[in-house]
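# Report on the structure
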Amino acid sequence: MRLLIVTDIHGRPSAHHCLSHCLPGVQQSVARTVSLCDLLGVNHTGERLHRELVENDGFIRAAERLVGLAEFADVALGYSAGGTVLWHSVLHGLTVDRLICISSTRLREVRASTMPKPALVVFGENDPSRPPDCWAKGSAVRSYTVPDAGHDFYAAEGPARRLCLARIAGFLNLV
C-alpha cells in the first residue's frame, strides 16, 4: 500500500506516531509524509502557519503544490489542516484511491458532496469547530465522531485513538 500523509500545523504526528503504523498489514507500506510548512515554503508552525493557511489562500496553494509533488497514493491520510489540504488536493487532481481526514475541522466550509473519492472523516465529539453532524449526510463521505474526544485526540495514546483506528481499519477493509 502506498500512503501519503500530511501533518497538522504543529508537524504532528511524527512518522513513528502516525495512525497508519498501528493498522494491521500496513507495516510494509511505502509512506511519504509531507508537512504543511514544506508545502507552503515557510519556516513557521502553529498559529502563525494556521493564519497563513486561512488568510492567504494557503489551503489552495498547499493543495496545488501537493498535486505537483505527490505521486499516486492508495491512501491519503491527513491530520487537522493537513486533511483539509488533502481534500482540496483531491479536488485539484491528486490521484488517490481513498482519503482519510482526522480532525479536519475546516471541512465544515466545504460541501461533502464535492468529494469524488471514498472518504472517511473523523472528528472528536468535544471539538467545537467540527462540522455539524448532518454535514456528510447525503454524500459518499463516511463521517465518524469519536465520543469524549477533543481536537487533537490523534496525538496521544488512549481510547479515542483506538476507536479512530478501528474505524480506519474498517474503512480500508483491514479487519
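Computed from a prediction, not measured in an experiment: that's the story for all the values here. (Residues numbered from 1 in each chain as written. Predicted model: local features only at pLDDT ≥ 70, side-chain atom pairs only at ≥ 80, totals over all residues. Heavy atoms only, no water.)

### Digging into the overall build of the chain
This is how the line gets drawn: Elements are defined by DSSP. Helices are runs of H or I of four residues or more, strands are runs of E of two residues or more, and each kind is numbered from the N terminus. In this setup the radius of gyration rests on C-alpha atoms only. A globule is expected at 2.2 Å times the number of residues raised to 0.38. Note on classification: 1.4 Å probe, protein chains only; a residue is buried when its accessible area is under 20% of the maximum for its type, exposed when over 50%, partly exposed between these limits. Contacts between residues were defined by any pair of non-hydrogen atoms, one from each residue, lying within 4.5 Å.
Check the secondary structure of the chain and you find 5 helices and 6 strands. Ordered by position from N to C terminus, the α and β elements of the chain give β-β-α-α-α-β-α-β-β-β-α. Whereas a compact globule of 175 residues would reach a radius of gyration of roughly 16 Å, the chain reaches 15 Å, a difference of no more than 12%. Burial analysis of the chain (175 residues in total) assigns 51% to the buried set. Intrachain contacts of the chain at a sequence separation of at least 6 include 59% that bridge at least 24 residues.

### Remarks on helix 5 (residues 159–171)
At 3.6 residues per turn, the α-helix brings residues three or four places apart onto the same side. Condition: Given the number of residues in a helix, its expected span is that number minus one, multiplied by 1.5 Å.
The end-to-end C-alpha distance of helix 5, which contains 13 residues, comes to 19 Å, matching closely the 18 Å that a straight helix rising 1.5 Å per residue would cover. Taken as a whole, helix 5 has its buried residues at Ala160, Arg161, Cys164, Leu165, Ile168, Ala169 and Phe171. At its buried positions, helix 5 is contacted by strand 4 (96–102), strand 5 (119–124) and strand 6 (141–146). Two residues or fewer past helix 5, Asn173 is found with a positive phi of approximately 55°.

### A look at the packing of aromatic side chains
We apply this condition: In this scheme Phe, Tyr and Trp rings, the latter by its six-membered ring, pair at centre separations within 6.5 Å, and the angle between planes marks the pair as stacked below 30 degrees, edge-to-face above 60, and tilted otherwise. For a Lys NZ or an Arg CZ to count as sitting over a ring, it must be within 6 Å of the ring centre and within 35 degrees of the ring normal.
The final tally for this structure, using the stated rule, is 3 aromatic pairs. Here the aromatic rings of Tyr79 and Tyr154 are separated by 5.1 Å at their centres, their planes lie at 45°, and the arrangement is tilted. With Tyr79 in strand 3 (residues 73–79) and Tyr154 in the loop between strand 6 and helix 5, the pair connects residues that are 75 residues apart, well separated along the chain. Looking at Tyr154, the relative accessible area reads 1%, which means it is buried. These aromatic residues form a ring-pair network of at least three members: Tyr79, Phe153 and Tyr154. Positioned above the aromatic ring of Phe171, the side-chain terminus of Arg98 is 5.0 Å from the ring centre.

### Quick look at the environment of Ile168
Within the secondary structure, Ile168 sits in helix 5. Through-space distance from the C-alpha of Ile168 to that of Gly138 is 21 Å; in sequence the pair is 30 residues apart.

### Some words on the confidence of the model for the chain
Quick note on the threshold: pLDDT expresses, on a scale from 0 to 100, how confident the predictor is about each individual residue.
Scored by pLDDT, the chain comes out at a mean of 93, with 99% of its residues at no less than 70. Mean pLDDT across the secondary structure elements of the chain bottoms out at strand 2 (residues 30–34), with 88, and peaks at strand 5, with 98.

### What to know about the sheet that holds strand 3
Hydrogen bonding along the main chain pairs the strands of a sheet, whether they run parallel or antiparallel. Test applied: We call two strands paired when DSSP finds no fewer than two bridges between them. Inter-axis angles, ranging from 0 to 180 degrees, are taken between N-to-C directions of lines fitted to C-alpha atoms, where helices are fitted over the stretch in contact.
With respect to topology, 6 strands assemble into an open sheet ordered 2-1-3-4-5-6, the strand pairing being parallel. The open sheet is flanked by strand 2 and strand 6, the only strands paired with a single partner. Direction aside, the axes of adjacent strands within the sheet are offset by 15° on average. Lying over the sheet, helix 4 (residues 81–91) contacts strand 1 (2–6), strand 3, strand 4, strand 5 and strand 6, oriented at roughly 140° with respect to strand 3. Packed onto the sheet, helix 5 meets strand 4, strand 5 and strand 6 and runs at close to 160° relative to strand 6.

### Re the pairing of strand 1
Among the 5 residues that make up strand 1, 4 are buried, leaving the element largely enclosed by the rest of the structure. Summarising the sheet, strand 1 and strand 2 pair through 5 bridges and their orientation is parallel. Each bridged residue has a counterpart across the sheet, and for Ile5 the counterpart in strand 2 is Thr33. Taken together, the 4 bridges between strand 1 and strand 3 define a ladder with parallel strand orientation. Across the sheet, Val6 pairs through a bridge with Gly78, a residue of strand 3.

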